[in-house]
Amino acid sequence: MTTAAIPPVSSDAPVRLTWSRIEALTHQLAARADGDGMPEAVVGIMRGGMIPAVMIAHQLGIRDVRTIEVTHTASDGVNAAKTSVPAYKNPASLGDLAGRDVLLVDDIAGSGATLERTRRIVEALGVRRLRTAVLTVNRANWPAPSCPEDRIDYIAEQTDTWVIFPWETTDGPNATSSAGAPTAPDGQLTGRALVPEPDQP
């Protein structure tokens, strides 16, 4: 599949998620995956997807965690440009997944291209079942007329702006401050939550 370059998101201020919010979102995803049948292995997409993948694996009691590096942004900065297609490295790191029930995890989906590219790599290994999960979808980059729910099994939240995760810095690896990036309330992002918090109606 050839993917055209995706324009950067709007100039709306990015939102920074807290660690407590990440924990809540991973619990939502773990519960939904468990409700559909316990996976046998969790695969995290490097780099950002590894952190929620490990958290979800711990929450589900799954010890088999794999990884693959797939990237679609040209740099680490906010509103970073996208490459024309996601690039991957070292697919052998996935090992033997033949016949396994696998949960594929990433931190965020913009166009969905990274997740789709990784899905095809994992499916080619002969898995018995493959499900996908992301903490959030940035709808500003999602290609119309499809909707994220049609292509991703479990989505904790959606937003319309760039998201900064607690393991990231605002402007890349040399940034010293995150000033100017509002912190999302622990209730949800600026978009809509797909799974209500326990105290929400």
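Scroll up to find the structure this text is about.
For the structure given in this document, a descriptive report is provided here. From a predicted model like this one, the values you see are computed outputs, not experimental measurements. Residue positions within a chain follow its written sequence, with the count starting from 1. The model is predicted, so local features are restricted to residues of pLDDT at least 70 and side-chain atom pairs to those at 80 or more, both for listing and for counting; the totals for chains, interfaces and linings are taken over all residues. To obtain the side-chain values, all non-hydrogen atoms of the structure were used and water was disregarded.

## A closer look at the overall build of the chain
Then, number 1: For the chain, the helix and strand inventory stands at four helices and eight strands.
Then, number 2: Helices (α) and strands (β) of the chain occur, in sequence order from the N terminus, as β-α-β-α-β-β-β-α-β-α-β-β. The helix count covers DSSP runs of H or I at least four residues long, the strand count covers runs of E at least two residues long, and both are numbered beginning at the N terminus.

## Observations concerning the packing of aromatic side chains
Then, number 1: Note on aromatic pairs: the rings of Phe, Tyr and Trp (six-membered ring only in Trp) are paired at centre separations within 6.5 Å, and the planes decide the class, stacked below 30 degrees, edge-to-face beyond 60, tilted for the rest. Inspection of every chain in the model, using the stated rule, returns two aromatic pairs.
Then, number 2: Centroid distance Trp19 to Trp167: 5.6 Å. Interplanar angle 50°. Geometry classified as tilted. With a gap of 148 residues between them, Trp19 in helix 1 (residues 19-35) and Trp167 in the segment after strand 8 (163-164) connect regions that are remote in the sequence.
Then, number 3: Buried means the residue's accessible area, taken with a 1.4 Å probe over protein chains only, is under 20% of the maximum for its type, while exposed means over 50%, and partly exposed covers the values in between. Looking at Trp167, the relative accessible area reads 24%, which means it is partly exposed.
Then, number 4: Where Phe165 meets Trp167, the ring centres are 5.0 Å apart and the plane angle is 10°; that geometry is what we call stacked.
Then, number 5: According to the relative accessible area criterion, Phe165 is buried, its value standing at 0%.

## Quick word on the nonpolar core
Then, number 1: One finds Leu29, Ile56, Leu103 and Val105 to be the most contacted residues of the largest nonpolar core, which totals 21 residues.
Then, number 2: Counting only elements with at least two residues in this core, the list comes to helix 1, helix 2 (50-60), strand 5 (101-109), strand 6 (129-138) and strand 7 (154-159).
Then, number 3: By the convention used here, residues are in contact when the closest approach between their heavy atoms is within 4.5 Å. Apart from residues no more than four positions distant in its own chain, Val105 is found in contact with Val42, Val43, Gly44, Ile45, Gly49, Pro52, Ala53, Ile56 and Ala133.
Then, number 4: What is meant by a nonpolar core is a set of buried Ala, Val, Leu, Ile, Met, Phe, Trp, Tyr and Cys residues, joined one to another through side-chain atoms within 4.5 Å. In terms of nonpolar packing, the next biggest core, distinct from the first, is built from 20 residues, Val43, Leu94, Val134 and Trp142 among them.

## Focus: the packing of helix 1 against helix 2
Then, number 1: Packing of helix 1 against helix 2 brings their axes to within 9 Å, and their N-to-C directions diverge by 55°. Here helix 1 lies oblique to helix 2, going by the angle between them. Note that helix 1 runs across helix 2; the crossing there is right-handed. Across from Trp19, Ile22, Glu23, Thr26, His27, Leu29, Ala30 and Asp34 in helix 1, the residues of helix 2 making contact are Ile51, Pro52, Met55, Ile56, Gln59 and Leu60. Axes, fitted as lines to C-alpha atoms, cover a helix only where it is in contact. Angles between the N-to-C directions of the axes lie from 0 to 180 degrees. What sets the label is the angle itself: under 35 degrees gives roughly parallel, over 145 gives roughly antiparallel, 65 to 115 gives roughly perpendicular, and the rest give oblique. Here a crossing is taken to be left-handed if its near helix is turned anticlockwise relative to the far helix by less than a right angle, and right-handed if that turn runs clockwise.

## Describing the pairing of strand 7
Then, number 1: Counting buried residues in strand 7 gives six out of six residues, a clear majority hidden from the surface.
Then, number 2: Only strands that DSSP links by at least two bridges are regarded as paired with each other. Direction of pairing for strand 6 relative to strand 7: parallel, over a ladder of five bridges. From the neighbouring strand, Val134 faces strand 7, where its bridge partner is Ile155.

## Topic: the pattern of salt bridges
Then, number 1: Here, a salt bridge means any side-chain nitrogen of Lys or Arg that lies within 4 Å of a carboxyl oxygen of Asp or Glu. Inspection of every chain in the model, using the stated rule, returns nine salt bridges.
Then, number 2: The partner of Glu157 in a salt bridge is Arg21, with the nearest N and O atoms 2.5 Å apart. Taken as a pair, Glu157 in strand 7 and Arg21 in helix 1 lie far apart in primary sequence, 136 residues in all.
Then, number 3: Through salt bridges with shared partners, one network takes in Glu40, Asp64, Arg66, Arg100 and Arg128.

Purely geometric stuff here, so don't read any function into it on its own.
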